[in-house]
Amino acid sequence: SSRAARPPCGWEPRQPCLSPQERSVCLRRWYELMMENKEELARIITAENGKPLKEAEGEILYSASFLEWFAEEARRIYGDVIPASAKDRRILVLKQPVGVAAIITPWNFPSAMITRKVGAALAAGCTVVVKPAEDTPLSALALGELANQAGIPAGVYNVVPCSRQQTPAVGEVLCTDPLVAKISFTGSTATGKILLKHAAGTVKRVSMELGGHAPFIVFDSANVDRAVAGALASKYRNSGQTCVCTNRFLVQKGIHDKFVEKFAEAIKRELHVGSGFDAKTTQGPLINEKAVEKVERHISDAVSQGASIVTGGKRHSLGKNFFEPTLLSNVTTKMLCTQEETFGPLAPVIKFETESEAVAIANAADVGLAGYFYSQDPAQIWRVAEQLEVGMVGVNEGIVSSVESPFGGVKQSGLGREGSKYGIDEYLEIKYVCFGGL
């Protein structure tokens, strides 16, 4: 049928009416518009969630890169031809869009978590309904305005903002409506389990990027200065409010005291709490009062069991949701901060003696998103990288996210992968065609 006869959405639920090249052009133009408006988009993020403006600018570049990447991937959705055992048959494999995808995103990366999912979905030929976090709807709406300007047809990128009170009901509708074929969610493990239950009723395809509890292991052979720099980046980015932030530092006995001393010095020297719009700020406010209370609860629990506050430990003098970057030593695995994801600027340090002990502590969690370790021993690097039960490992590196890399976890940290050459597969169905009678 002609373009004019197709539905106004521009992408049909299962058969995209734009060619891969046309979809690629739209996504590329969307990327270019993001780059042209990067300063304004960054200011929206800082206004919404308090992230320092420099970090917000970094997020916009990261966010835009997914549109650029999937604009290129749209033209590389390859099928296959398989040799058949019967001479009169040919076996073909087609890849087709799953259909309408519901995209549910968090507040800590209100732009990048949308484009990482939506870029892949649109490249595959799917339409999307985005439910942004109730704390940060403006970034999603700004992306919608730029999508319109980029020529993405009406009805392809849809945004449904809602209040905190309405969020459970909206989430349930998106997961149970039979017109929705795919759910992609980034958020807590607890919420992910609820959405999985809802999606099970209609057996939807699901992608889940859920909570983490990242270990950061420093072995005796590590370069201490590099380990401290990696620790600072991994722990305190976005004030500790990322799913791949280090939640537990495991430091070997021989290097422990030196690491703690240098880490404390770096925290005091490098980190500055303040308004996200202040150029010197590296640590903005936490997202809300509930987040602050959780950090306080973890600190008080640890101190009551014998932990020592090396630096920080309380609300910042700025008040409200600002909290001092905090470092704890003499921490044990019985403390809450080593059993739960804090999602705040708290770094607890556990001393260990052997490699096997460290790996056992790291793997004791029921989640496994990211893990980090510092070592200069090649054999140890191979052993530990393979033994850590996580989806992503940083070896002598505290920041692992990139558009080219598959992002995702194991155990209760989720299902599926985002970004990379693997990300588009989450929005494609494989169809086998048997051509007989030849």
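Quick caveat, the model's predicted, so the values are computed rather than measured.

## Side note on the overall build of the protein chain
Working step 1: The helix and strand tally for the protein chain stands at 12 helices and 18 strands.
Working step 2: Radius of gyration (C-alpha) of the protein chain: 23 Å, near the 22 Å computed for a compact globule of 438 residues.
Working step 3: With the principal axes as the frame, the protein chain shows a C-alpha extent of 75 × 50 × 40 Å.
Working step 4: Each of the 438 residues in the protein chain was classed as buried or not, and the buried ones make up 53%.
Working step 5: Pairs at least 24 residues apart make up 72% of the contacts formed inside the protein chain by residues separated by at least 6 positions.
Working step 6: Surface summary for the protein chain: the accessible area is close to 18800 Å², and the carbon and sulfur share equals 54%.

## Focus on the sheet that holds strand β10 (residues 308–311)
Each strand in a sheet pairs with its neighbour through backbone hydrogen bonds, running either in the same direction (parallel) or in the opposite one (antiparallel).
Working step 1: The 7 strands lie next to each other as β10-β11-β12-β9-β8-β14-β15, forming an open sheet whose pairing is mixed. Across the chains shown, the open sheet's two edge strands, defined by having one partner strand only, are β10 and β15 (392–395). With strand direction ignored, the average angle separating the axes of adjacent strands in the sheet is 25°.
Working step 2: Where strand β9 (residues 246–252) lies against strand β12 (residues 346–352), 4 bridges are found, and the strand directions are parallel. The residue bridging Q252 from the neighbouring strand is F352, located in β12.
Working step 3: The sheet contacts of helix α11 (residues 355–363) involve β8 (214–218), β9 and β12, and relative to β9 the element is tilted by about 170°.

## A short note on the pairing of strand β4 (residues 128–131)
Working step 1: Burial of the side chains of β4 extends over both faces: V128 and V130 are buried on one face and V129 and K131 on the other.
Working step 2: With respect to chirality, the unit in which strand β3 (residues 100–104) leads through helix α4 (residues 112–124) into the neighbouring parallel β4 is right-handed.
Working step 3: In the sheet, β4 pairs with strand β5 (residues 157–159) via 3 bridges, with the strands oriented parallel. Directly across from V130, in β5, lies its bridge partner V159.

## A look at unusual backbone geometry
Working step 1: Even without being a glycine, K411 presents a positive backbone phi close to 50°.
Working step 2: Backbone geometry at S420 places phi at a positive 65°, although glycine is not the residue there.
Working step 3: Among the structural elements, S420 can be located in the loop between β17 (414–415) and β18 (428–435).

## Here's the deal with the UniProt feature "domain: Aldehyde dehydrogenase" (unreviewed entry) in the protein chain
Working step 1: UniProt annotation of "domain: Aldehyde dehydrogenase" (unreviewed entry) refers to residues 18–433 when read in the numbering used here.
Working step 2: In the segment residues 18–433, helix accounts for 38% and strand for 20%; the C-alpha atoms at its two ends are 23 Å apart.

## Let's talk about the layout of surface pockets
Working step 1: Space inside the second largest pocket adds up to approximately 260 Å³.
Working step 2: If you trace the second largest pocket, you find 15 residues lining it, with E55, R237, L271, T282 and Q283 closest to the centre.
Working step 3: Listed by contribution, the elements that provide at least two residues to the lining of the second largest pocket are α3 (53–73) and α8 (224–236).
Working step 4: In terms of residues, the lining of the second largest pocket owes the most to one element, α8, which gives 3 residues.

## Section: the environment of T105
Working step 1: By secondary structure assignment, the location of T105 is in the loop between β3 and α4.
Working step 2: Taking C-alpha positions, T105 is 9.8 Å from E209, a pair spaced 104 residues apart along the chain.
Working step 3: For T105, the contacting residues outside a window of four places in its chain are M113, I114, K117, V130, K131, P132, A133 and T186.

## Notes on the sheet that holds β3
Working step 1: Strand order in the open sheet formed by 6 strands is β5-β4-β3-β6-β7-β17, with mixed pairing between adjacent strands. Looking at the sheet topology across the chains shown, the edges are occupied by β5 and β17.

## Thoughts on the confidence of the model for the protein chain
Working step 1: The share of residues in the protein chain with pLDDT of 70 or more is 96%, and the mean pLDDT across the chain is 95.
Working step 2: Counting interchain partners and residues more than four positions distant, the pLDDT-below-50 stretch residues 1–10 has 16 contacts.

## Re the nonpolar core
Working step 1: Counting residues in hydrophobic clusters, the biggest one holds 48 residues, and the most contacted among them are W30, M34, V118, L122, V128, Y157 and Y427.
Working step 2: Mapped onto this core, the elements with two or more residues apiece are α1 (20–36), α2 (38–49), α3, β3, α4, β4 and α5 (138–149).
Working step 3: Setting aside residues no more than four positions away along its own chain, W30 makes contact with L67, V118, L122, L143, L146, A147, A150, I152 and Y157.
Working step 4: Residues A231, Y236, F259 and F263 belong to the second largest nonpolar core, which totals 31 residues.

## Remarks on helix α9 (residues 256–270)
Working step 1: Under the 1.5 Å per step criterion, the end-to-end length of α9 is 21 Å for 15 residues, consistent within 8% with the ideal 21 Å.
Working step 2: Regarding α9, the residues found buried are H256, F259, V260, F263, A264, A266 and I267. When α9 is viewed along its axis, its buried side chains cluster within an angular range of 165° and face the same direction. Along α9, exposed side chains directed more than 90 degrees from the buried face belong to D257 and K268.
Working step 3: Contacts from the buried residues of α9 go to β8, α8, β9, β10, β11 (326–329) and β12.

## Remarks on the packing of aromatic side chains
Centre-to-centre distance and the angle between the planes together describe a pair of aromatic rings.
Working step 1: Inspection of every chain in the model, using the stated rule, returns 12 aromatic pairs.
Working step 2: Taken together, the ring pairs in this structure connect F216, Y236, F249, F259, F263, Y372 and Y374 into an aromatic cluster.
Working step 3: The ring of F407 carries the charged tip of R116 above its face, separated from the ring centre by 4.0 Å.

## Quick notes on the packing of α11 against helix α12 (residues 378–387)
Working step 1: The interhelical angle for the contact between α11 and α12, taken along N-to-C directions, is 25°, at an axis separation of 10 Å. Taken together, the axes of α11 and α12 are roughly parallel relative to one another. By crossing handedness, the relation of α11 to α12 is classed as right-handed. In this structure, α11 uses E355, V359 and N363 to contact α12, whose residues at the interface are Q380, R383, V384 and Q387.
Working step 2: Residues of the contact of α11 with α12, tallied by class, amount to 2 nonpolar, 3 polar and 2 charged.

Calculation rules
- Residues numbered from 1 in each chain as written.
- Predicted model: local features only at pLDDT ≥ 70, side-chain atom pairs only at ≥ 80, totals over all residues.
- Heavy atoms only, no water.
- Helix = DSSP H or I, 4+ residues; strand = E, 2+ residues; numbered from the N terminus.
- Rg over C-alpha atoms; globule rule 2.2 N^0.38 Å.
- Buried < 20%, exposed > 50% of the residue type's maximum accessible area, 1.4 Å probe, protein only.
- Contact = heavy atoms within 4.5 Å.
- Areas by Shrake-Rupley, 256 points an atom, 1.4 Å probe, with all protein chains shown as cover.
- Pairing = 2+ DSSP bridges.
- Axes fitted to C-alpha atoms, helices over the stretch in contact; angles between N-to-C directions.
- Right-handed = clockwise from strand over helix to strand, strands pointing away.
- UniProt positions renumbered as here; feature names shortened; annotations may be inferred.
- 1 Å grid on protein atoms, 1.4 Å probe; cavity = no way out; pocket = protein on both sides within 12 Å on 5 of 7 lines; lining within 4 Å.
- Points joined across faces, edges and corners; volume = space filled by probe spheres on them.
- pLDDT = per-residue confidence, 0-100.
- Core = buried A, V, L, I, M, F, W, Y, C linked by side-chain atoms within 4.5 Å.
- Expected span 1.5 Å × (residues − 1).
- Arc of directions from axis to C-beta.
- Phe/Tyr/Trp six-rings, centres within 6.5 Å; stacked < 30°, edge-to-face > 60°.
- Lys NZ or Arg CZ within 6 Å of the ring centre and 35° of its normal.
- Parallel < 35°, antiparallel > 145°, perpendicular 65-115°, else oblique.
- Left-handed = near helix turned anticlockwise from the far one by under 90°.
- Nonpolar A, V, L, I, M, F, W, Y, C, P; charged D, E, K, R; others polar.

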